[in-house]
Amino acid sequence: MAVNIKAYWQAVAEQDQDALAGWFAPGAVIRWHCTNERFTAEEFIRANCEYPGQWLGQVERELWAGEQLVTVARVYAADGSLSCHVSSFFQFQGDKILSLDEYWADDGPPPLWRQAMKLGEKII
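Residues numbered from 1 in each chain as written. Predicted model: local features only at pLDDT ≥ 70, side-chain atom pairs only at ≥ 80, totals over all residues. Heavy atoms only, no water.

Caption draft 1: Spatial organisation of the overall build of the protein chain. Across its full length, the protein chain holds 4 helices and 6 strands. If you list the helices and strands of the protein chain from N to C, you get α-α-β-β-α-β-β-β-β-α. The principal-axis extents of the C-alpha atoms in the protein chain amount to approximately 50 × 35 × 25 Å. A burial count over the protein chain gives 33% of its 124 residues as buried. In the protein chain, the share of contacts with a sequence separation of at least 24, taken over all contacts with a separation of at least 6, comes to 41%. (Helix = DSSP H or I, 4+ residues; strand = E, 2+ residues; numbered from the N terminus. Buried < 20%, exposed > 50% of the residue type's maximum accessible area, 1.4 Å probe, protein only. Contact = heavy atoms within 4.5 Å.)

The following block contains the structure:
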């Protein structure tokens, strides 16, 4: 399946309501599991586009598994105040998103208890 998922993520980062609306199939469902929320496409677009600030983003990984696409993206505030990684599981109907399950996490240092143990090292 030919889907330009980087264009989708660009629309997310730019909070481009019109572009995002074109990505979703009628009746699409979006789930943010970390906060136990379920959205219609319209609600998801509103939540994304009305979130304060200017955003940038980049797709770090993408993997097709049949009709499902999995991406890992970094989304971050243009002013450097916040950075997140999101793992997204897209189910498509043709070239439209039918369902989207996402797991968002704020980027930051390891917890103090793990720092005290001196485990691991920085990835980059």
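There is more to say after this.
Caption draft 2: Spatial organisation of unusual backbone geometry. One non-glycine residue with positive phi stands out, namely Asn-36, at about 55°. Along the chain, the position of Asn-36 falls in the loop between β1 (24-32) and β2 (37-40). In this structure, Lys-118 takes a positive phi of about 55° despite not being glycine. The topology assignment puts Lys-118 in the segment after α4 (112-117). Lys-118 sits in the exposed class, given a relative accessible area of 72%.

Caption draft 3: Expanded view of the pairing of strand β4 (residues 68-77). Strand direction decides the pairing type here: strand β3 (residues 55-65) and β4, joined by 10 bridges, are antiparallel. For Leu-56, the partnering residue across the bridge sits in β4 and is Tyr-76. Adjacent in sequence and paired antiparallel, β3 and β4 are bridged by 2 residues, among which Gly-66 carries a positive phi angle near 65°. When β4 meets strand β5 (residues 83-93), the two strands line up antiparallel, connected through 9 bridges. By the bridge assignment, Arg-74 is partnered in β5 with His-85. (Pairing = 2+ DSSP bridges.)

Purely spatial values, then, with no claim about function.
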